[in-house]
Amino acid sequence: MLNADEYKGWVGVFDSGVGGISVLRALVSELPNESFVYFGDSAHAPYGEKTPAEVLDLSQRIVERFMIAGCKSVVIACNTATSAAAAQMRATYPDVPIIGVEPALKPAVLATPDGTVLVMATPMTVRLEKFQQLMAEWGSGARVIAVPCEGLAARIERGRLHEPDLKELIESLVGSYAGKADAVVLGCTHYPFVIDQIREVLGDVPFFDGGEGTARQLRRRLAACDLLAGQDAQGAVKFLSSKDTPEELALYQRFFTA
Ligand code: DGL
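Counting from 1, residues in each chain are numbered in the order their sequence is written. Side-chain atom pairs in this predicted model are given and counted only at pLDDT of 80 or more, local residue features only at pLDDT of at least 70, and totals for whole chains, interfaces and linings cover all residues. Calculated side-chain values reflect all of the structure's heavy atoms, with hydrogen atoms and water omitted.

Trainee: Tell me about the overall build of the chain, and name the residues and values.
Mentor: Each helix and strand in the chain was counted, giving 11 helices and 9 strands. For a compact globule of 258 residues, the expected C-alpha radius of gyration is about 18 Å, and the chain comes in at 18 Å, within 12% of that figure. Projected onto its principal axes, the C-alpha positions of the chain cover 50 × 40 × 35 Å. A 1.4 Å probe rolled over the protein chains alone gives each residue an accessible area, and that area as a share of the maximum for its type sets the label: buried under 20%, exposed over 50%, partly exposed in between. Out of the 258 residues belonging to the chain, those deemed buried represent 52%. Restricting the contact set of the chain to residue pairs at least 6 apart, pairs at least 24 apart contribute 79%. Counting every atom, the chain has about 11,300 Å² of accessible surface; 49% of that belongs to carbon and sulfur. With 24 positive and 32 negative side-chain charges, the chain shows a spacing of 1 Å between the two charge centroids. Secondary structure counts use DSSP, requiring at least four H or I residues in a row for a helix and at least two E residues in a row for a strand, with both numbered from the N terminus. For the radius of gyration, the atom set is restricted to C-alpha positions; the globular benchmark scales as 2.2 Å times the number of residues to the power 0.38. Note on definitions: a residue-residue contact is assigned when non-hydrogen atoms from the two residues lie within 4.5 Å. Surface exposure here means Shrake-Rupley accessible area, sampled with a 1.4 Å probe, where a residue is shielded only by the protein chains that are shown. For this count, His and the chain ends are skipped, Lys and Arg are scored as positive, and Asp and Glu as negative. To locate a charge, take NZ of a lysine, CZ of an arginine, CG of an aspartate or CD of a glutamate.

Trainee: Describe the site of the ligand, and please don't skip the residues or the numbers.
Mentor: The ligand sits among 13 residues. The nearest are Ser16, Tyr47, Gly48, Thr80 and His190. Asparagine 79 is positioned with one of its backbone polar atoms (N or O) 2.9 Å from an oxygen atom of the ligand. Within the side chain of threonine 80, a nitrogen or oxygen atom sits 2.6 Å from an oxygen atom of the ligand. For the ligand, whose unbound accessible area comes to 300 Å², protein coverage reaches 99%. Side-chain classes are defined by residue name, with Ala, Val, Leu, Ile, Met, Phe, Trp, Tyr, Cys and Pro counting as nonpolar, Asp, Glu, Lys and Arg as charged, and the others, Gly among them, as polar. The class makeup of the residues in the shell around the ligand is 5 nonpolar, 7 polar and 1 charged. Each residue is tested against the molecule or strand, and it is near if at least one of its non-hydrogen atoms lies within 4 Å. Whenever a nitrogen or oxygen atom comes within 3.5 Å of another N or O atom, the pair is scored as a polar contact, on the condition that within protein one atom can donate a hydrogen and the other can accept it, and that pairs from neighbouring residues in sequence are kept only if both atoms are in side chains.

Trainee: Just give me the short version of the sheet that holds strand β6 (residues 143-148), but keep the residues and values in it.
Mentor: The strand order across the open sheet built from 4 strands is β6-β5-β7-β8, with neighbouring strands paired in parallel fashion. Lying at the two open borders of the sheet, with one neighbouring strand each, are β6 and β8 (207-209). Put simply, the sheet's adjacent strands are angled 20 degrees from each other on average, direction ignored. Two strands make a pair as long as DSSP finds a minimum of two bridges between them. In this sheet, β6 lies alongside strand β5 (residues 116-121) in parallel orientation, the contact comprising 6 bridges. Within β6, the position partnered with valine 117 by the bridge is valine 144. Fitted lines through C-alpha atoms give the axes, limited to the stretch in contact for helices. The angle between two N-to-C directions lies from 0 to 180 degrees.

Trainee: Lay out the pattern of salt bridges in plain terms, naming residues and giving numbers.
Mentor: The rule for a salt bridge is simple: a side-chain nitrogen of Lys or Arg has to be within 4 Å of a carboxyl oxygen of Asp or Glu. Enumeration over the complete set of coordinates arrives at 9 salt bridges. Here lysine 72 ties to glutamate 34 by a salt bridge, and the two come within 2.7 Å at their closest N and O atoms. With lysine 72 in the loop between α2 (52-68) and β3 (73-76) and glutamate 34 in the loop between α1 (21-30) and β2 (35-40), this residue pair connects regions lying 38 residues apart in the sequence. Residue classification places lysine 72 among the buried positions, given a relative accessible area of 14%. Linked through salt bridges whose partners overlap, the residues forming this network are Asp196, Arg199 and Asp204.

Trainee: Please give an account of the packing of α1 against helix α10 (residues 211-224) that cites residues and values.
Mentor: Where α1 meets α10, the closest approach of the two axes is 8 Å, and the angle between their N-to-C directions is 45 degrees. Overall, the two elements α1 and α10 adopt an arrangement that is oblique. When the axes of α1 and α10 are compared, the crossing they make is right-handed. Contacts between α1 and α10 involve Val23, Ala26, Leu27 and Glu30 from the former and Gly211, Glu212, Thr214, Ala215, Arg216, Leu218 and Arg219 from the latter. Across the contact of α1 with α10, the residue classes break down as 5 nonpolar, 2 polar and 4 charged. Roughly parallel means an angle under 35 degrees; roughly antiparallel means over 145; roughly perpendicular covers 65 to 115; every other angle is labelled oblique. Crossing chirality is assigned from the near helix's rotation relative to the far helix, an anticlockwise turn below a right angle marking it left-handed and a clockwise turn marking it right-handed.

Function cannot be inferred from these measures alone, as they are strictly geometric.
Right under this line is the structure:
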């Protein structure tokens, strides 16, 4: 699927499926001169309900292919894969800027010093040490409640975001916090695509996600490594999927332009 040097000098971006496209949008907006090859591992979604070893293995295979294709940098556009695989990936490719995404707990807590912050994330993200460290660092100022949202990423992955079953699922996951949360962290890159539906359930409170912070971090790392594309470079975006059908790629395109 990825040939040697096919994407030389591009940035490789991946997620378990469509979710990372919410990060990709922030990347393209922050770095319009860069070219991005996006790989959605939709054949293996959801990652958040697998074991960390499985997610590490899947992530390793994708990053290996990006390296063969000549990518200059990698963005792990998935909170779950960042928790399970970023450290290992950075150790394997120490010279490649590898940027991860993590739940935007810090900005949410700083903006909500006396209130309750609800963190929605996959079961694996909530369980793993990386998030526990984030909680230890930022969880004491505001009252932070982490909710493992089993099934939500998988449901978003199927598209048709305005059908009633999706809203019902969100209600069953976080409906009991309606009126009790002062801010919400979208700790899975799939969730920004259903922010309106979540807002309908939880109310019109501030929402935080990691997309823009990740884009700024990519800019900093590329600049530090002298890898930024020139101002006159023409940026591009290419979509690839492990579920390699025209319908799936059309779905990615719809999420990108939504
Ligand atoms: N979008 C991913 C995340 O940010 C993974 C969702 C999943 O596949 O479970 O965690």
